Structures are given as structure tokens and as C-alpha cells.
Amino acid sequence: MRVFLKLSILLASYLLVAAGEDTRDEENSWQTGMACTTCACQQRSAHFDKESFCMFSYFPSRAYKMLWFSTPTNFVVYIRNIESNTHGNYYMTICDELKCQYLSSTEDQVFLFTATKKVIMYIDMSTSFEVQYYVGCDVLDQTDVVVGREAGSLFPQPGYCWIVIPRLYNKATTQHTAATNIFLSHVNVPENSRLSLKNVLTGELLLDFKNYTNFDVTSLDKSESAITYQTNKYISSMFLFTVVKCPPDACTDISFQLKVQALSHDDSECFRRKQACVYGLPEEYDEEQVSCGDEDEEETCDAFEKFEEEISFSGPQPLADGSRVRDFALYHTSVIL
């Protein structure tokens, strides 16, 4: 704790602003933002590894790095690909202004720190890892997520971003979410601006907006392996909706409506069967052929009914003859779970 206070005072008086090359939000890249190569980072999103830490002790070999923002806000830190030679001892201490967490497990980790100006990481230099972090995002770890932003309104957090952990049950230690449908409607993007929707855990770019879009929808499958969250919980899906860029005088013109539908395993299975039959796409599944007889068409699936309610309200309009919109999967094929 004495070292923590000493470093905090030193870095507060002389902040080294992080520098590096910008990393594009490319599909399947876990990296977002710039590579932070200095002792202290103040970008709203950046990535780094142990090589950019600053040494403060050689015997034993210890180093530190600080994430900093000018006002209290949220920090989300994703630590991955951890390789440690400390034989079960603590290899990293990660602290905000009030408390510290001590890491000995080599499982991937996600940490959320709220209402703080800084997060400091202390490491044993024999450990290797990668870090992606986000600062100033509104974090929604809950069921029934709805985010509506009107043009001209203030942003709830300084990072112009939203991180969502879709849940079936609030405050559960395990997420239980097998898949997630994400609906975006009335997306207004000013000129020379860009919004994106990204899977935080895998890096997959799900949606990208550069102009006005009336409606779009995509799905997020859970990761194959659960990720440790806040040291004693587990999550398998997490996404970021962010303003990638906007002219300073146009940012407040951004508007959208975001809704999230979390699906259990049973919900996901019935949704998949029902969607394949209603939209006429059984050929999409090579390993599992879906039979669409009368019995299947009459199957009740609350998840699919809620999905159809949402797209009928905000999405593609019915055909001229009033029949069901059967080409919706062509409108956005990523909805297929």
C-alpha cells in the first residue's frame, strides 16, 4: 500500500500520456484503440502487454502500469493469455483508489472498477499476458437491457460507449446466457462519424454504422469457455457498443435505440428451429437437418415470438400482400444462431 501511494503521488504530478499507433476495429481482432506503450495510459480504450510496464524493483523483478482518467468513471479491464511462473503465488495486483485484487489464477479475467480516476497494475515480470481496457463506458450487467439515446442529450459516461453483459438472472454468479439477440433501430450517425458493435471476449465486429440505419439486428453466441469476472463470477458473453469517431461539434447528434434479448439454452434451441421453419432455411444446417412439419410449425417458442414482435415493430415491413416477411434472414443473416 505504501508503494501504491508513492506511485499515485508521483504519477499524478507527472503523467506520461500514452502513445502508439491506432488499431482499427477489424473483424476478429481482440484489440481496440491504441497500443499504450508508456507507464500511464489515458486513452478511453487501449491494449498492451507486460513489455510496456515500468520497473520499480529489480530484486525481485516488479513493474507497474497505471490507467488514468481526469474524472471518476468506470474502468473495464480484460486480461487474457496469461502465462505465469510464480507456481500459484500472486503474479499481479490490480488496484483502484479504494481496494486491491490479487491474481494467482491463469484463467482469463475481466474486472470492473466503478467511480474511480485510476487503476494501477503491479506485476511479477516473469509473467506474460495481454490487456485490453475501456474507460468511461456505461456498464449494463443486468436483464432486459434497453438503451435509448436522443439527439442533443448528454452522454451518461465520458467514453461515449456502452458495455453490456446480457443476463437471464440478475446478480447470478454464472451468466446462463446461451445466445443474445441485439436490436438497433433509428441509428442516426452524423457525417464523418462511426459507431460499432463488438464482441469484447472474441473481438468479432458484429455491426458497423457510418450513416443512418432504420433497423439492424445481430446475434451474439456465448464463448466456448467462461471467463472469470470480478474474481468470483463467470461470464461467457459481453459486447461493446461505442462511438468510434465523431466530430466534436456533431457527437451529440448521435441517436439510437438498443434492445437486448438474452436466450437460455432451451430458448436458443427452439428459436433456431422456429426460425429455420418460418424463414424457410433448413438448408442452412448441414449437420442438423430441421424438419418443418405441422407439429414444428405449431411449436410454441416465446423467444421467437418476442423476436418477431421486435422486428415487426422496428424492422422490415411486411410484404405488399400482407404475408410474413420470409426474406428477413437475407436482411441480416447473422441472426441465425
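Above: the structure in question.
Predicted model only: the values in this text are computed from it and were never measured.

## Quick notes on the overall build of the protein chain
Moving on, step 1. When its secondary structure is counted, the protein chain shows five helices and 21 strands.
Moving on, step 2. Residue burial in the protein chain is summarised as follows: out of 337 residues, 52% are buried.
Moving on, step 3. Excluding contacts between residues fewer than 6 apart, the proportion of contacts in the protein chain whose partners are at least 24 apart in sequence is 71%.

## Describing the pairing of strand S5 (residues 54–58)
Moving on, step 1. As paired strands, S5 and strand S6 (residues 61–83) are joined by four bridges and run antiparallel to one another. Within S6, the position partnered with Tyr-58 by the bridge is Ser-61.
Moving on, step 2. The turn linking S5 back onto S6 is made up of two residues.

## Brief notes about the sheet that holds strand S17 (residues 213–221)
Moving on, step 1. Spatially, the four strands line up as an open sheet ordered S12-S21-S14-S17, and their pairing is antiparallel. Taken across any chain shown, the strands that pair with only one partner, and hence form the sheet edges, are strand S12 (146–149) and S17. Sheet twist, expressed as the mean angle between neighbouring strand axes with direction ignored, is 10°.
Moving on, step 2. Relative to strand S21 (residues 255–263), S12 is paired through four bridges, and the arrangement is antiparallel. In the sheet register, Val-147 faces S21, and the bridge partner there is Leu-258.

## Quick look at unusual backbone geometry
Moving on, step 1. A cis geometry characterises the amide bond from Phe-59 onward to Pro-60, with omega recorded as 0°.
Moving on, step 2. By the secondary structure assignment, Pro-60 is in the loop between S5 and S6.
Moving on, step 3. One non-glycine residue with positive phi stands out, namely Ala-115, at about 50°.
Moving on, step 4. With respect to the element layout, Ala-115 can be found in strand S9 (residues 109–124).

## A word on the sheet that holds strand S11 (residues 138–142)
Moving on, step 1. With respect to topology, five strands assemble into an open sheet ordered S11-S13-S20-S15-S16, the strand pairing being mixed. The sheet terminates laterally at S11 and strand S16 (205–209), the two strands that pair on one side only. On average, each strand axis in the sheet is tilted by 15° relative to the strand beside it, whichever way the strands run.
Moving on, step 2. When strand S13 (residues 161–166) meets strand S20 (residues 239–245), the two strands line up antiparallel, connected through four bridges. Within the sheet, the bridge partner assigned to Cys-161 lies in S20 and is Thr-242.

The rules we used
- Per-chain numbering applies: the sequence of each chain, read as written, is numbered from 1 onward.
- Owing to the predicted nature of the model, reporting of local features is limited to residues with pLDDT of at least 70; listing and counting of side-chain atom pairs is limited to 80 or more, with chain, interface and lining totals taken over all residues.
- The side-chain values count all of the structure's non-hydrogen atoms but skip hydrogen atoms and water molecules.
- Helix numbering and strand numbering both begin at the N terminus, where a helix is a DSSP run of H or I of at least 4 residues and a strand a DSSP run of E of at least 2.
- Think of it in three bands: with a 1.4 Å probe and only protein chains considered, a residue is buried below 20% of the maximum accessible area for its type, exposed above 50%, and partly exposed in between.
- Whether two residues are in contact is decided by their heavy atoms: any pair within 4.5 Å suffices.
- Note on pairing: two strands pair once DSSP finds at least 2 bridges between them.
- Lines are fitted to the C-alpha atoms to define the axes, a helix being fitted only along its stretch in contact, and any angle between axes, read from their N-to-C directions, falls within 0 to 180 degrees.

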